[in-house]
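Below, each chain spelled out in residue letters.
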Amino acid sequence: YKSRIDVAAAAYVREKNQYAALTGWERTRRIVKAVNPPFGLKVQDGKYVINRDPYRDTGRTVADVALEVAETFLAYGAKLPVVYSLMQKYGPSQGSRNGDDFPRDRDKLRKWLRNPKLRGHSCYFGNRGRPMVVVPNTHEALFSPDLAQMIDLVLERSARSATPLNTYPLMGLVYCERGYRDWE
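Below you will find a few notes about this structure. (Residues numbered from 1 in each chain as written. Predicted model: local features only at pLDDT ≥ 70, side-chain atom pairs only at ≥ 80, totals over all residues. Heavy atoms only, no water.)

A word on the packing of helix H3 (residues 79-90) against helix H4 (residues 106-113). Each pair of packed helices gets described by two things: the angle between the helix axes and the distance between those axes. One can describe the packing of H3 onto H4 by two numbers: an axis separation of 9 Å at closest approach and a directional angle of 100°. The angle between H3 and H4 falls in the class roughly perpendicular. Mapping the contact onto sequence places Lys-79, Leu-80, Val-82 and Val-83 in H3 and Arg-106, Leu-109 and Arg-110 in H4. Looking at the contact of H3 with H4, its residues break down into four nonpolar, no polar and three charged. (Axes fitted to C-alpha atoms, helices over the stretch in contact; angles between N-to-C directions. Helix = DSSP H or I, 4+ residues; strand = E, 2+ residues; numbered from the N terminus. Parallel < 35°, antiparallel > 145°, perpendicular 65-115°, else oblique. Contact = heavy atoms within 4.5 Å. Nonpolar A, V, L, I, M, F, W, Y, C, P; charged D, E, K, R; others polar.)

A few words on the environment of Lys-47. Residue position: Lys-47 is located in strand E2 (residues 47-50). With relative accessibility at 45%, the residue Lys-47 sits in the partly exposed group. (Buried < 20%, exposed > 50% of the residue type's maximum accessible area, 1.4 Å probe, protein only.)

Turning to the pattern of salt bridges, a few remarks are in order. Inspection of the entire model under this criterion finds six salt bridges. One salt bridge in this structure joins Asp-53 and Lys-42, with 3.2 Å as the shortest N-O distance. You can see Asp-53 sitting in the loop between E2 and helix H2 (62-76) and its partner Lys-42 sitting in strand E1 (residues 41-44), a full 11 residues away along the chain. Its relative accessible area of 23% is what places Lys-42 among the partly exposed residues. In this structure, Arg-104 and Asp-101 form a salt bridge, with 2.8 Å as the shortest nitrogen-oxygen distance. There is no split in this pair, since Arg-104 and Asp-101 are both buried. (Salt bridge = Lys/Arg side-chain N within 4 Å of Asp/Glu carboxyl O.)

A separate point is a nonpolar patch on the surface. A cluster of nonpolar side chains, contributed by Phe-125, Met-132 and Val-134, occupies part of the molecular surface with about 300 Å² of accessible area. The residue Phe-125 is located in the loop between strand E3 (122-124) and strand E4 (133-135) in this model. Judged by relative accessible area, Phe-125 falls into the exposed class, the value being 60%. (Patch = residues over 30% accessible without salt bridge, like charges linked within 9 Å, V, L, I, M, F, W, Y side chains within 5 Å. Areas by Shrake-Rupley, 256 points an atom, 1.4 Å probe, with all protein chains shown as cover.)

Mapping Val-49 onto the fold places it in strand E2. Residue classification places Val-49 among the partly exposed residues on the basis of a relative accessible area of 24%. With 93 residues separating them in the primary sequence, Val-49 and Leu-142 have C-alpha atoms 8.9 Å apart. Other than its neighbours up to four places away in sequence, Val-49 contacts Gly-40, Leu-41, Lys-42 and Gln-44.

This is the structure we're talking about:
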């Protein structure tokens, strides 16, 4: 009997915590409050601002290093050489929290490059199946629109080239008379 009461109490506490978390994030979305800044930005007075603090002992600002990451990505056109070259230049991560240092692997670099916050938009992740909410033009962008567009083009090109083309040489090139690909 006692175990059933414990289970019921635990279920009640879980539902109460879920409700509190949902209402807290709803309020954060409503007031467009800045949370979880990516590398290159910081939160100041509830808003995102470009992080002009010094980056380690390099004599450069965090924003300068963030722009260097993006420009190095455009120069190489691939994610892995960017990570290797920047790790050689700045050394390994020093156990920093999320957002305090540049991304150190390919997947994190891709997510960082596509982050709407770096383009001047605030974004809040949906929960319980709801999509991500993006509030446009809420702060100064670290990436200019031209830089962001070039990054998107290179990421799209690298995603397309990563698909295996050896299986069917004409895959994606042959369409029927209605404009559909041959395998659809």
